[in-house]
Amino acid sequence: MKVGELIRDLRVDRAYNPREIISTWSEKDLLDGKVVDAWVIIFRTRGCYWAHASGCSMCGYVNDTAVEVSEADIAHQLASVLPRHQGQPLVKVYTSGNFFDDHELAPESRRSILEELGDRCDKVIVETLSHMIRREQLEDATRHVDRLEVAFGLESTNERVLRYAVNKVWGLPEHARAAAMVREAGGTVKTYLLIKPPFLTEREAVEDAVRSAHEADPHSDTISFNPVNVQRNTLVDHLFKRRQYRPPWLWSVVEVLERTRGLRAHVKSHPTAGGMRRGAHNCGDCDRRVIDAIEEFSLGLRRDFGDLDCDCQSTWRAELELQDFLMGTGNVGALLAR
Ligand code: SF4
Ligand SMILES: [Zn+2]
């Protein structure tokens with residue numbers, strides 16, 4: 001069975017109200033070197049076309065989508081969320097899919113979202129797959145928004161990692177082409193990279209993230225590392241339940257940030273579910289301290305991690321070596337604890 005078929009088989013489709021957004025909240029982010037409040041809105045759409053066709057190994061976004069969402073539904077979601085704006089200068093718009101996929105978000109819906117949010121916020125960030133974006137769409141978008149940033153989930157620049165670990169078939173060439181288009185239209189580019197997709201050892205994952213960041217740097221204004229977290233009904237979840245997957249150590253995230261902080265792009269990470277079993281975690285004692293340090297680093301409030309340590313660093317190092325020795329990607333710590 002191919003990876004893509006297994007991912008599709010593991011998925012559970014559920015019905016949701018197409019008139020309700022998925023979620024909205026406020027979080028801290030950087031804008032022009034200053035820490036500001038950023039407004040996050042996740043609209044409910046039919047979801048990522050790739051998730052329906054096959055899907056990425058770690059992605060559970062399709063769990064939150066609705067089967068069909070009309071233009072009127074999106075208009076309803078937009079009208080319901082706008083009164084919740086509290087003056088944040090930055091807004092991040094996600095759809096659990098692709099903002100520039102006309103089948104997921106009709107051009108009219110896209111226009112009204114950008115118009116309304118562009119009126120209220122200084123900068124708007126949207127997310128899409130790199131091959132889904134066209135020049136005319138970008139020109140149209142920048143008519144409504146002063147400052148547009150487009151985020152792309154590149155994940156890795158290694159074709160083999162993309163194909164066999166992530167199940168994505170678009171890599172650096174598509175990313176570079178899309179990034180150039182965004183920049184020509186006057187926008188900026190955010191690149192998401194994964195830390196520890198499945199089937200990679202901890203050390204391979206660190207090296208893959210570091211190398212990918214260096215290769216993606218010329219095509220990125222911001223590089224955001226996403227340590228993989230275990231989302232329900234995904235291939236990663238399937239492996240996790242069989243002790244064949246452990247999310248990355250926070251020490252691995254720290255090492256990746258240390259080795260990429262000199263890049264031209266702003267480098268950051270917000271570990272989802274950090275400190276929990278299903279997210280990047282350490283021993284439990286030091287997790288809060290390390291996550292806070294990663295947050296501070298991401299907001300430009302610290303330069304390095306030299307002041308952090310914990311006894312579990314030696315366990316992390318031992319696991320790195322043991323996985324290399326065993327030539328396996330299983331959760332060595334869990335296996336030894338049995
Ligand atoms: S990670 Fe992005 S491209 Fe992959 S299935 Fe999820 S939404 Fe689609
Ligand atoms: Zn620790």
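Residues numbered from 1 in each chain as written. Chains lettered and ligands numbered in written order. Predicted model: local features only at pLDDT ≥ 70, side-chain atom pairs only at ≥ 80, totals over all residues. Heavy atoms only, no water.

### Description of the site of ligand 1
Every residue close to ligand 1 is listed here: Cys48, Trp50, Ala51, Cys56, Met58, Cys59, Tyr61, Leu129 and Lys168. Of the residues assigned to the shell around ligand 1, the class counts are eight nonpolar, no polar and one charged. (Near = heavy atom within 4 Å. Nonpolar A, V, L, I, M, F, W, Y, C, P; charged D, E, K, R; others polar.)

### Focus on the pairing of strand β3 (residues 90-94)
Within β3, five of the five residues are buried, which leaves the element mostly enclosed by the surrounding structure. Side-chain alternation along β3 places Leu90, Lys92 and Tyr94 on one buried face and Val91 and Val93 on a second face that is also buried. The sheet contact formed by strand β2 (residues 34-42) and β3 spans five bridges and is parallel. Pairing of isoleucine 42 across the sheet is with tyrosine 94, part of β3. Of the pairings in the sheet, the one linking β3 to strand β4 (residues 123-127) comprises four bridges and is parallel in character. Counterpart to leucine 90 in the pairing with β4 is lysine 123. Handedness of the crossover is the feature at issue here: the chain leaves β3, passes through helix α4 (residues 107-120), returns alongside β4, and the resulting connection is right-handed. (Buried < 20%, exposed > 50% of the residue type's maximum accessible area, 1.4 Å probe, protein only. Helix = DSSP H or I, 4+ residues; strand = E, 2+ residues; numbered from the N terminus. Pairing = 2+ DSSP bridges. Right-handed = clockwise from strand over helix to strand, strands pointing away.)

### Points about the pairing of strand β6 (residues 188-195)
Of all eight residues in β6, seven are buried; the element is thus mostly enclosed. Looking at chain direction, strand β5 (residues 147-155) and β6 are connected through six bridges and run parallel. From the neighbouring strand, glycine 153 faces β6, where its bridge partner is tyrosine 192. Judged from the six bridges that link them, β6 and strand β7 (residues 222-227) form a sheet pairing that is parallel. Opposite leucine 194, over in β7, you have asparagine 226 as the bridge partner. For the handedness criterion, the β-α-β arrangement of β6, helix α8 (residues 202-216) and β7 is classed as right-handed.

### Considerations on the packing of aromatic side chains
We describe a pair of aromatic rings using the distance from one ring centre to the other and the angle between the two ring planes. Counting across every chain of the model gives three aromatic pairs. Relative to phenylalanine 100, the ring of phenylalanine 99 lies with its centre 5.3 Å away and its plane at 90°, an arrangement referred to as edge-to-face. The buried category is assigned to phenylalanine 100, whose relative accessible area is 1%. (Phe/Tyr/Trp six-rings, centres within 6.5 Å; stacked < 30°, edge-to-face > 60°.)

### Some details on the nonpolar core
Judged by nonpolar contacts, the single largest core of 34 residues is most densely connected at Phe225, Trp251, Leu257, Val290, Ile294 and Phe305. When contributions to this core are tallied by element, the ones reaching two or more residues are β6, α8, β7, α10 (250-258), α11 (287-298) and α12 (312-326). The biggest single contributor to this core is α10, with six residues. Listed in part, the 32 residues of the second largest apolar core include Ile41, Leu105, Leu114 and Cys121. (Core = buried A, V, L, I, M, F, W, Y, C linked by side-chain atoms within 4.5 Å.)

### So, the coordination of the zinc ion (ligand 2)
For the zinc ion (ligand 2), every protein donor is listed as Cys283 (SG), Cys286 (SG), Cys310 (SG) and Cys312 (SG), and the spread of their distances is 2.3 Å. Taken together, the four donor atoms coordinating the zinc ion (ligand 2) and their angles of 104 to 112° define a geometry best described as tetrahedral. Ordering the donors of the zinc ion (ligand 2) by residue number gives the pattern C-x2-C-x23-C-x1-C. With cysteine 283 in the loop between β8 (266-269) and α11 and cysteine 310 in the loop between α11 and α12, this residue pair connects regions lying 27 residues apart in the sequence. (Donors = N, O, S within 2.8 Å, 3.2 Å for Na, K, Ca; no water. Tetrahedral: all angles 85-135°; square planar, octahedral: opposite > 155°, others 65-115°.)

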